[in-house]
Amino acid sequence: MLKIAGEVFSKEAIDFIVTEIEKNDGQEVAILGNVDRNGIVCEVEALAYGNSNAAPVAMMETLQCDVLIHNHPSDEKSPHPPFERGSQGDLALRASEADINLASQLANKKIGFYIIDNACKAVNVIFKPEARYYLEENEVEDIFKEKGLLSKNIAYYEPREEQLNLVRGIINAVNASKILISEAGTGTGKSLSYLIPASIWALQNKKRVIVSTQTINLQQQIFNKDMHIVEKVVRQYLNKEIHYSVLIGKGNYLCKKKLTEIIRDREKRDSLFTSEEEYEIIFEIEKWSRNCQEGTINEFGGFVRDEVWEEIACDSASCSKRKCVFYSDCFYYRARMEAEKSNLIIANHSLTFSSIDEESRRSSLPFFSGIIFDEAHHAEDVALKSLSQDFSIQSLLYHLRKIYSFKGGKAMGLLPLLEKKSRLQAYAELQQDLESLTKEILGLERNLTDFIFTGSDILKPYLKESSSVGVDEEFIASVDFERLFDALSEVFNGINRFLSSFEFFASRVKEISVNREGIDVLSSISYRATVLSEAKNVFDLIFNKENEIHFVKWIEVSKKNIKFFYSPLEVGDFLANSLFSRKDFTIFTSATLMINDKFDYFKNSVGLPIATNKEKLEMNFPSPFDYQKQAEIYILEEKLDHSSVTKEKTELVKELCMMSEGGALVLFTSYYRLNEMFGLLKKEFQEFGLLPLKQGEAPRDELLSKMGQYSNVVLFATSSFWEGIDIQGDNLRCVIIEKLPFDSPADPIFKAKVKLLKSRDLNPFMTYGIPRAVLRLKQGIGRLIRSKTDKGIIAIMDERIKSKRYSSIFLNSLPPAKIIYGNLSQIVREAESFFVNRF
């Protein structure tokens, strides 16, 4: 359909298009366009520049727009403008067969297709995109108000001004294609605030939105709780059904093919598993799989050892996709197909970031137009992890033992299974090769086991302040680096010899026309060999002596393992150019994003300044809880040694925990000090009738379950327990912070980041050390008040929060509760008064 360009383009869009075509000397240009609520193309962006006959089209980028536009270079010899060429129409704008094919593909995705002349005076509308749907601010706000749709679907619903303001910010960001950074305190109701507008927008525009959160448990909470409410609200508001789904990493799903093979194949089962307990769990999983819904390890719920689950889990290496006999009933592909049909996909940060190809910056997730990051303060760390590379001595041993091991007088692993499946006994030379391979593996196993002791001895002098050693200039210059390098080089030389031997062996096995079962086993061994080869590549990166200021290399040592890491120090460019600059809108929300009333640290950490094509909104919504009535904060003023467990700190922890009769969470920044204080107080607490627990003596979920079940628990914890704990009610009524949670100066990542910041003439302590400690403190304090009926005390045993020049930054981050400064006896008296009057 031929139209005047002014009928379908804004003037600004026409001016931009003409300029881009002129830049390309009048040749073809592919342009992405977005339409407004009237169907007018108002936003345009050049996609690619071609020649006089064609312009390339990148499909992933095209899927982000409402309409694809390209010019057919004008026939300058013709004296007639497009609308004066008679009944034959404008030949210059006539669609070619290639145009029609591309337009058909895009039409299936509801994306329009326009052909224009060089002056952008005429347009041939091959497929018209639907006008963009914009959220009606007043109508969506009404959902959250008194007598709104939420009040009809949630018993005892109470409108909150903080939530309404957050909803307004989200509507603005979604409608105007902006980036929203929002700190929303506990109790704001942020989940529904973003889920409802995003669902309406996605459904009405026939687009898809990703909601990315930190953990699989949070994904399930949104799916099983929040989305049930959203589903009802959207149905009542639009009279339409919202389609939504959960997607997690492939390795979390059960593979029916692998499970069936193990159940049916006794030889395979006996080669992979050694104990009756492993047999029993396999058969238990098989029975469960007949009636389960999702087929994930989380849904199974029971404890499954990693090495058992790996043998029956989905993985890309062994997956035959559509060729698999179980494809139509595959748990993973069923979830993937549900995601393809969904308006809203609930993912996690790890999956979101690991799905992005590092080179092309494209995501392998079903295409999405907008993304929402809940628990956004984790974005940088998870993105860094997705880009990092590592290997450990135990992981190398694990994969070697999967190939071959000798236990209890019995040969185990994939090589013995290959021997049985391929009948290698009939080939004397192959039998010899097989024996040589098994001897090489056993030798490697001894060398790796020895290296754990050798490496630990070499690294021991560097582990006084931390369990990690940075592979930095100082360490590289030491004799110990050379000793470690030589010892590990010997190990990898042995691995390389094994890989060469196996490659030769595998080629000879294939020559004898091995059956299908044998080929499958050989493929499994090849996968393990690839893992070993990739570890060698990481080893080369870590022990490269060149100074790489944008990367950090370090080694972690534990009792039975040594682990090696290589990671970038920054992810801003990666995130900005793969997500924030490319998506319709991006929303970040968390209870802890601001430092000293500013978002600068967060914005820089995830690369938002790089996303220059998007306007940013910044909003802060404090918690609606009444902290003045619900909590008090005590700050110990005594100057103490924060590198050790002091008598004063131990005494204050004892007094507060006994006074509160348990219900206490004591947070440390050091396992050493945690264990020392726990040892000093455990017996006394037990005699008093308390239940002292410490991180590491049981799984995290088990410890938190006991705290939620019993009112007399005192939990000593560090690291991950500073956040993610949501115990409402009186079972958590006392949070004690042992010291301000600064990173250890000996931490390799911290040291490398400090060096990078100094190279840019920045103050590392103020731009990195302080912000990280403030965010961690906000998380720790946030464990106490989780509902409007919670109450309790917070004690911070670190006078630096008041006495140092940076103290105001920390004090500004505290919730608006009454703050009381004092010595040990004064704090005990104030706490006693609080518990008497409030409980």
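Residues numbered from 1 in each chain as written. Predicted model: local features only at pLDDT ≥ 70, side-chain atom pairs only at ≥ 80, totals over all residues. Heavy atoms only, no water.

S.K.: Would you mind going over the pairing of strand β17 (residues 562-568) with me for this structure?
M.R.: When a strand is regular, its side chains alternate between the sheet's two faces. The element β17 is largely enclosed, with a buried count of 6 among its 7 residues. As judged from the 4 bridges shared by strand β12 (residues 389-392) and β17, these two strands associate in the antiparallel manner. Each bridged residue has a counterpart across the sheet, and for S392 the counterpart in β17 is K563. In this sheet, β17 lies alongside strand β16 (residues 551-557) in antiparallel orientation, the contact comprising 7 bridges. What sits directly across from F551, in β17, is P568. (Buried < 20%, exposed > 50% of the residue type's maximum accessible area, 1.4 Å probe, protein only. Helix = DSSP H or I, 4+ residues; strand = E, 2+ residues; numbered from the N terminus. Pairing = 2+ DSSP bridges.)

S.K.: How should helix α29 (residues 748-759) be read in this particular structure?
M.R.: Three- or four-residue spacings in an α-helix give side chains the same orientation, since the helix completes a turn every 3.6 residues. Counted at 1.5 Å a residue, the expected span for α29 with its 12 residues is 16 Å, and the 17 Å between its end C-alpha atoms agrees. Among the residues of α29, P748, F750, A752, K753, V754, L756 and L757 are the ones counted as buried. Where α29 is buried, its residues meet α16 (379-387), β15 (468-470), β16 and α30 (764-781). (Expected span 1.5 Å × (residues − 1). Contact = heavy atoms within 4.5 Å.)

S.K.: Even after reading the chapter, I still don't get the packing of helix α17 (residues 393-403) against helix α21 (residues 479-511), so can you show me in this structure?
M.R.: Two packed helices can be described by the angle between their axes and the distance between those axes. Running from amino to carboxyl end, α17 crosses α21 at an angle of 25 degrees, the nearest separation of the two axes being 13 Å. Relative to α21, the element α17 lies roughly parallel. The way α17 lies across α21 gives a crossing that is left-handed. Counted together, I393, L396, L400 and I403 of α17 and L488, F492, I495 and F498 of α21 form the full contact between these two elements. Looking at the contact of α17 with α21, its residues break down into 8 nonpolar, no polar and no charged. (Axes fitted to C-alpha atoms, helices over the stretch in contact; angles between N-to-C directions. Parallel < 35°, antiparallel > 145°, perpendicular 65-115°, else oblique. Left-handed = near helix turned anticlockwise from the far one by under 90°. Nonpolar A, V, L, I, M, F, W, Y, C, P; charged D, E, K, R; others polar.)

S.K.: What is the right way to look at the packing of helix α7 (residues 190-205) against helix α8 (residues 216-238) in this model?
M.R.: Where α7 contacts α8, the two axes come as close as 10 Å, and the packing angle between them is 50 degrees. Put simply, α7 runs oblique to α8. When the axes of α7 and α8 are compared, the crossing they make is right-handed. Taking contact as the criterion, the partners of S191, L192, Y194, L195, I196, S199, I200, L203 and Q204 in α7 are, on α8, I222, D226, M227, I229, V230, V233, V234, Y237 and L238. Residue composition of the contact of α7 with α8, grouped by class: 14 nonpolar, 3 polar and 1 charged.

Geometric values such as these leave the question of function open.
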